[in-house]
Amino acid sequence: MPSVAFYTLGCKVNFYDTEAIWQLFKNEGYEQVDFEQNADVYLINTCTVTNTGDKKSRQIIRRAVRQNPEAIVAVTGCYAQTSPAEILDIPGVDLVIGNQDRDKIIPYVNQIRQSREPINAVRNIMKTRVFEEMDVPDFADRTRAFLKIQDGCNNFCTFCIIPWSRGLSRSRDPKSIVNQAHQLVETGYKEIVLTGIHTGGYGDDLDSYRLSDLLWDLDKVDGLERVRISSIEASQIDERMLDVLNRSSKMCRHLHIPLQAGDDTVLKRMRRKYTTEEFYNKMQLIRQAMPDVGITTDVIVGFPGETDEMYRNGYELMKAIGFSEMHVFPYSQRNGTPAARMTDQVSEEVKHARVRELIALSEQMQLAYAQKFVGQVLDVIPEGTSKGTHGPGKMHGFSDNYLQLIFDGPEDLQGKLCRVKLTKAGVHECEGQLVRVLDERPGQAV
């Protein structure tokens, strides 16, 4: 039986894509082995979001070549899409394929097996207008299924290389998404996370069908308890979207909305499509539509030209909005982007001081958000037994508003919808008490 080993760098979309490529190999009779073992084929799914992503991708490719010089080494993903020649220069690489045509991986592998001639299968992704259909019927993490609905991005923010590696925004056919949702529910999933490179841009290339329409179609899927959107831009939350958040019982009370910077001058230089005032007002509208919603965000610190005053403006705005968690990144220069060429780069020292301060603010806000729910009963789908210092017999899972709860309960609760009372708030996790388990059939309590 031929064997294949995978290594994935980068974002959740890459992990989804790797799973989808594994399905292709599985259908061909391959077995999957650990990346550290000898395999007939190594497939590395690369990341190029930072210069470090490129470097790490090259290291992993070399590791595969050393591991088994006889193996076929195939490289895909974002770094493969933007720099195929650089990758083919690494001795031992057999196939470079970008973020499209991946359904052809098996024929290419078979061809290389015959000829041992390296193949560069990367095409210009900017010309691609069709979503690459790749399904993942099952995930190792049994409680949440990811469903990729979109790829690419039209935004061209000045710090970001991703449109060049993923192409322009392409939406998956709604019927195909709904069918896949039904299949995932039949497999036993209660929660689906809609994912993409620019998920909220879903429908930009479709005729009069938006993300809000898709959410109403998913709302009708029997047996599906929760729908979560991996990320959405503030500007994409319009009246119709607010209506879904308000009325659909399946929408999770959690949204990830990237702010990136809290100062208008910086936002403009980043080429973000909103002002701080518009962002703040939109957060208020979301909270009216969906009370108690947890809003998490991404922030880039030390973007070129960010003065102390601009940084302070951002700090005050974040505090005023009251996020339930912030992912804070120091700005890192990405070759090939406009921001990397800007002359007023901020020193590493200043960046790191600001990052530390914002992480402390994030932890304060996380705790404040969790404290609002002490004594409340939340819906939790346990993901498994709790790792760490909690001792045996503890389960952990996320509530619909993305609080992680640790509570006593048997292992067979995994994947079931449970009611859990939050007893003690914490920064990264909260303690809770199991109240009851809701049966598989909606509306029936055990």
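The paragraphs below set out a description of the structure included in this document. All values reported here derive from a predicted model rather than from experimental measurement.

**Considerations on the overall build of the chain**
In terms of helices and strands, the chain carries 13 helices and 19 strands. Since a compact globule built from 446 residues should have a radius of gyration of about 22 Å, the 23 Å found for the chain is in line with a globular shape. By principal-axis analysis of the C-alpha atoms, the chain measures approximately 65 × 60 × 50 Å. The buried share of the chain, taken over its 446 residues, is 56%. Partitioning the contacts of the chain with sequence separation of at least 6, the portion at a separation of at least 24 is 71%. Accessible area for the chain stands at about 19,700 Å²; split by element, carbon and sulfur atoms hold 49% of it. Looking at charge distribution, the chain has the averaged site of its 54 positive side-chain charges lying 1 Å from that of its 62 negative ones.

**Regarding unusual backbone geometry**
At Arg 116, a residue that is not glycine, the phi angle is positive and equals roughly 55°. Examined against the element boundaries, Arg 116 turns out to sit in the loop between helix 5 (105–115) and strand 6 (119–120). With a relative accessible area of 40%, Arg 116 lands in the partly exposed category. Positive phi values are uncommon outside glycine, yet Ser 208 reaches one of about 40°.

**Quick word on the packing of helix 7 (residues 174–187) against helix 8 (residues 211–219)**
Contact geometry for helix 7 and helix 8: axes closest at 10 Å, N-to-C directions at 30°. Viewed along their axes, helix 7 and helix 8 form a crossing whose handedness is right-handed. Residues Ile 177, Val 178 and Ala 181 of helix 7 pack against Leu 214, Asp 217 and Leu 218 of helix 8. Classifying every residue of the contact of helix 7 with helix 8 gives five nonpolar, no polar and one charged.

**Notes on helix 9 (residues 239–247)**
Buried within helix 9 we find Met 241, Leu 242, Val 244 and Leu 245. One side of helix 9 carries all its buried residues, which in axial view fall inside an arc of 155°. Projecting away from the buried face of helix 9 at angles above 90 degrees are the exposed residues Glu 239 and Arg 247. Tucked into the core, helix 9 has its buried residues touching helix 8, strand 11 (226–229), strand 12 (254–256) and helix 11 (276–289).

**Describing the nonpolar core**
Within the largest apolar cluster, 74 residues are counted, with the highest numbers of intra-cluster contacts made by Leu 214, Ile 257, Ile 286 and Leu 358. For this core, the leading source of residues is helix 12 (residues 308–321), giving six residues. In terms of nonpolar packing, the next biggest core, distinct from the first, is built from 22 residues, Leu 9, Val 33, Ala 80 and Val 93 among them.

Calculation rules
- Residues numbered from 1 in each chain as written.
- Predicted model: local features only at pLDDT ≥ 70, side-chain atom pairs only at ≥ 80, totals over all residues.
- Heavy atoms only, no water.
- Helix = DSSP H or I, 4+ residues; strand = E, 2+ residues; numbered from the N terminus.
- Rg over C-alpha atoms; globule rule 2.2 N^0.38 Å.
- Buried < 20%, exposed > 50% of the residue type's maximum accessible area, 1.4 Å probe, protein only.
- Contact = heavy atoms within 4.5 Å.
- Areas by Shrake-Rupley, 256 points an atom, 1.4 Å probe, with all protein chains shown as cover.
- Lys, Arg positive; Asp, Glu negative; His and termini not counted.
- Charge placed at Lys NZ, Arg CZ, Asp CG, Glu CD.
- Axes fitted to C-alpha atoms, helices over the stretch in contact; angles between N-to-C directions.
- Left-handed = near helix turned anticlockwise from the far one by under 90°.
- Nonpolar A, V, L, I, M, F, W, Y, C, P; charged D, E, K, R; others polar.
- Arc of directions from axis to C-beta.
- Core = buried A, V, L, I, M, F, W, Y, C linked by side-chain atoms within 4.5 Å.

Note that all results are geometric; they support no functional claim without further evidence.
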